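# Geometric and topological summary
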Amino acid sequence: MKFLDASIWEGKIFNGTWITAPVSATIVEPATGEPLGQAGFGDVAAVDALAAVDAAAQPQWGDAAPEVRAGVIRQAARTLADHTAEIAEWIVRETGSVQGKADFEIGLALAELHQAAALVTQPIGHVLPAAVPDRLNLAIRVPFGVVGVIAPWNFPLILGMRSVAPALAVGNAVVLKPDPQTPVSGGVVIARLFQEAGLPAGLLSVIPGGADVGEAVVTNPRVRMVTFTGSSAVGRRVGELAGRHLKRAALELGGNNAMIVLDDCDIDAASSAGAWGSFLHQGQICMTTGRHIVMRSVAERYAAALAERAQRLPVGDPFRNKQVALGPIINARQIEKIHRIVTETVGAGAKVRAGGTYEKQFYQPTVLTEVTPEMPAFREEIFGPVAPITIVEDENEAVRVANATEYGLVAAVRTGSLTRGMAIARRLKTGMVHVNDQTVNNLSYAPFGGTGASGNGFRFGSLSNGEEFTELRWITAGDQQLSYPF
Ligand code: NAD
């Protein structure tokens, strides 16, 4: 039987075993509009029931020897490596991504599992000076209990796995709610990996669904911490709910990321990086290069080179034609949003240098010039294959324009001078900056996260994970049984 055979998961949710779901929904392939299968969705009652099972199973897992937890996670990594072709096919068809993006995503998920397995043997606290001689004074990290994970559809496997793997590694149980558009790549795959790896029952619940299921996860009293990856608008709602219920919420949100192109850089290489940053996965990445901020003296050469690259990129169904560079946009609502932003920006005075059109779900890679900071393509996160170019006169203006957004996820700077690049990197108000690269970068062991409307200060990454998925407990202890004046 195949690893992802539909008979295993269709119409079901997961909690160590597959359970008949209260709701069933059709998964649609964005490239064709055709059905791919019938997913099981949860509801509020299912979240309550499975979170209770998780809470009951968690203490034993939290107390298990680190090597026991690491062993399960290593086995999940081996299982992933054994089934990459089948998993990649689901990512390609469910998210509309090209094969290379699916392979890249699987590689990232594998790295997350390896890092999580190594996390179990990292120090779990510190020894403090004793206030009274011979008393132990410790701060130790303990798991939250049950962690809720809510992930989007664009990189569903990695964005679920980057929370699930470290949360389990440090001894939590997990309730995972994948996006309703990608219940297999973002849910079933992760459930199957840990099922095959022998994770004890009740430690991982996978409950696909929409906003109602997501809010049930955030508000469930047994879920003590939530990691949410998605839009800033929904992130605000999740943050409000988590605040009301007094639980920690890690919010990884939208971006409108700038790449600054200085007058001393290699324009050909910069245009290649710019095309990759704006068009990879049709621009549907939180780290997508959403604004190209270019010094006037090189702006025309840069725009021409970028437009030339955009015009060369084939767009189409990535499952049936392996040669395409861009696949479909995830849904009709999103393609309308992209086109609305392009149309309004052109209406406000910008020029189309490439693309600007679409057919069905396929949007042409688009380059807009003469974009100013008031225009929608500058202000909004487009989440589509659109590269808006804004001209600036000097470095100071470049920094000011790059920072003129409520978002703060990532930025890039292209320059022939490392000193110049580093000086600018220090002035950009983002969680991540890459000098002489583009904005789409992720490493399992580097701190990933944003500032401002891009997040609330949480950082993914191996050492950060040990802190983020646990809380500190202060313990004092001594043989002497202390007494007091009364
Ligand atoms: P979205 O916010 O609409 O949905 C994300 C997830 O939240 C989905 O699982 C969805 O079902 C769920 N959800 C929706 N309403 C909810 C609610 N009221 N309560 C709880 N959960 C709810 O995001 P999207 O538009 O599908 O994804 C794209 C967005 O995600 C973009 O803004 C992108 O920048 C962002 N993103 C950020 C990162 C990051 O690491 N910073 C990574 C990928 C995507």
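On a predicted model such as this, the values are computed, not experimentally measured, just so you know.

### Considering the sheet that holds strand β14 (residues 351–354)
Strand order in the open sheet made by the seven strands is β14-β17-β18-β13-β12-β20-β21, with mixed pairing throughout. Sheet topology places β14 and β21 (432–435) at the edges, where each strand pairs with a single neighbour. Taking each pair of neighbouring strands and ignoring which way they run, the sheet shows an average axis angle of 25°. Taken strand by strand, helix α12 (residues 332–347) contacts β14, β17 (366–369) and β18 (386–392), and its axis lies near 25° from that of β17. Packed on one face of the sheet, helix α15 (residues 418–427) meets β12 (257–261), β13 (289–295), β20 (410–414) and β21 and runs near 170° to β21.

### Here's the deal with the nonpolar core
Generally speaking, nonpolar side chains in soluble globular proteins are found buried as a group. Residues Trp9, Ile87, Leu113, Val164, Phe194 and Leu204 are the most contacted members of the largest nonpolar core, which totals 101 residues. Counting the residues that make up this core, at least three belong to each of domain 1 (6–253 + 455–474) and domain 2 (257–435). Ignoring any residue separated from it by four or fewer positions in sequence, one finds valine 164 in contact with Val149, Val174, Leu176, Ile190, Phe194 and Leu204. Among the nonpolar cores identified, the runner-up in size contains 28 residues, and Ile260, Ala377, Val399 and Val401 belong to it.

### Quick word on the pattern of salt bridges
Applying the stated rule across the entire model yields 20 salt bridges. Put simply, glutamate 29 and arginine 93 hold a salt bridge, and the shortest N to O gap is 3.1 Å. Placement of glutamate 29 in the loop between β3 (23–28) and β4 (35–41) and of arginine 93 in helix α4 (residues 84–95) is noted, with a sequence separation of 64 residues between them. The same class applies to glutamate 29 as to arginine 93, namely buried.

### Regarding the packing of α4 against helix α5 (residues 99–119)
Remark: α4 packs on α5, axes separated minimally by 9 Å, with the N-to-C direction vectors making an angle of 125°. When the interaxial angle is binned, α4 and α5 end up oblique. Judged by the sense of rotation from one axis to the other, the crossing of α4 with α5 is right-handed. Across the interface between the two elements, Thr84, Ile87, Ala88, Ile91, Val92 and Thr95 of α4 pack against Gln99, Lys101, Ala102, Asp103, Glu105 and Ile106 of α5. The class makeup of the residues in the contact of α4 with α5 is six nonpolar, three polar and three charged.

### Topic: the site of the ligand
For the ligand, the set of nearby residues contains 29 residues, the closest of which are Ala151, Glu215, Ser231, Leu253 and Glu381. Residue tryptophan 153 places a side-chain N or O atom 2.9 Å away from an oxygen atom belonging to the ligand. Taking glutamate 215, its side chain carries an N or O atom lying 2.8 Å from a nitrogen atom of the ligand. Split by domain, the residues of the shell around the ligand number at least three in each of domain 1 (6–253 + 455–474) and domain 2 (257–435).

### A few points about the domain arrangement of the protein
Split into domains, the protein comes out as domain 1 (6–253 + 455–474) and domain 2 (257–435). Between the C-alpha centres of domain 1 and domain 2 the distance comes to 31 Å. In this assembly, 22 residues from domain 1 lie in contact with 25 residues from domain 2. Both faces combined, the contact of domain 1 with domain 2 buries some 1,800 Å², and carbon together with sulfur accounts for 62% of it. Run the count over domain 1 and domain 2 and you get two salt bridges. A salt bridge links arginine 320 to glutamate 29; the nearest nitrogen and oxygen atoms lie 3.2 Å apart. Here the element with the most residues in the side of domain 1 that touches domain 2 is α4; it accounts for five residues. Here the residues of the side of domain 1 that touches domain 2 sort into seven nonpolar, eight polar and seven charged.

### So, the side chain of arginine 420
One can find arginine 420 in helix α15. Ignoring anything within four residues of it in the chain, the contact list for arginine 420 reads Leu262, Asp263, Asp264, Met295, Glu395 and Thr415.

### Observations concerning a nonpolar patch on the surface
A grouping of Val132, Leu482 and Tyr484 is seen on the molecular surface, where their side chains present a nonpolar patch of about 290 Å² in accessible area. Of note, leucine 482 is situated in the segment after β23 (470–477). According to the relative accessible area criterion, leucine 482 is partly exposed, its value standing at 35%.

### Concerning the packing of aromatic side chains
Tallied over the full model, the rule gives eight aromatic pairs. Pairing tryptophan 153 with phenylalanine 383 gives two aromatic rings, centres 5.8 Å apart and planes at 85°, and the pair type is edge-to-face. Placement of the pair is tryptophan 153 in the loop between β7 (146–150) and α6 (156–169) and phenylalanine 383 in the loop between α13 (376–379) and β18, with a sequence separation of 230 residues. In terms of burial, tryptophan 153 and phenylalanine 383 fall into one category: buried. Ring pairs connect the aromatic residues Phe458, Phe460 and Phe469, which therefore count as one cluster. Sitting over the ring of phenylalanine 155, lysine 101 keeps its end group 4.1 Å from the ring centre.

What counts, and where the lines are drawn
Here the residue numbering is sequential within each chain, running from 1 through the sequence in written order. Thresholds applied to this predicted model are a pLDDT of at least 70 for local features of residues and 80 or more for the giving and counting of side-chain atom pairs; totals over whole chains, interfaces and linings are not thresholded and use all residues. Based on all heavy atoms of the structure, the side-chain values leave hydrogens and waters out of the count. Strands are labelled as partners when DSSP assigns at least two bridges between them. Put simply, DSSP H or I for four residues or longer makes a helix, DSSP E for two residues or longer makes a strand, and each gets a number counted from the N terminus. The angle between two axes is taken between their N-to-C directions and runs from 0 to 180 degrees, where each axis is a line fitted to C-alpha atoms and a helix contributes only its stretch in contact. Two residues qualify as a contact provided that any one of their heavy atoms is within 4.5 Å of a heavy atom in the partner residue. Only buried residues count toward a nonpolar core. Its members are Ala, Val, Leu, Ile, Met, Phe, Trp, Tyr and Cys residues joined through side-chain atoms within 4.5 Å. Only protein chains enter the area calculation, which uses a 1.4 Å probe; residues under 20% of their type maximum are buried, those over 50% are exposed, and those in between are partly exposed. Residue ranges for the domains originate in an automatic or database domain assignment. Salt bridge criterion: a side-chain nitrogen from Lys or Arg within 4 Å of a carboxyl oxygen from Asp or Glu. For classification purposes, an angle smaller than 35 degrees is called roughly parallel, one larger than 145 roughly antiparallel, one from 65 to 115 roughly perpendicular, and anything else oblique. By the definition used in this description, the sense in which the near helix is turned from the far one sets the handedness, with an anticlockwise turn below a right angle giving left-handed and a clockwise turn giving right-handed. In the scheme used here, Gly and all other residues not listed as nonpolar or charged are polar, with Ala, Val, Leu, Ile, Met, Phe, Trp, Tyr, Cys and Pro taken as nonpolar and Asp, Glu, Lys and Arg as charged. The rule for a residue being near a molecule or strand is that one of its heavy atoms must lie within 4 Å of it. Think of a polar contact as two N or O atoms within 3.5 Å of one another; within protein, one of them needs to be a possible hydrogen donor and the other a possible acceptor, and neighboring residues in sequence only count if both atoms come from side chains. Accessible area that two parts lose when put together, evaluated with a 1.4 Å probe and summed over both, is termed the buried area. Residues form patches when they are more than 30% accessible in relative terms and have no salt bridge. Like charges link within 9 Å. Nonpolar side chains (Val, Leu, Ile, Met, Phe, Trp, Tyr) link within 5 Å. Calculation of accessible area relied on Shrake-Rupley with a 1.4 Å probe; when residues are assessed, cover is drawn exclusively from the protein chains displayed. When the centres of two rings from Phe, Tyr and Trp lie within 6.5 Å, Trp using its six-membered ring, the rings pair. Their planes under 30 degrees apart give stacked, over 60 give edge-to-face, and anything left gives tilted. The criterion is that NZ of a Lys, or CZ of an Arg, lies within 6 Å of the ring centre and within 35 degrees of the ring normal, and then a charge sits over that ring.

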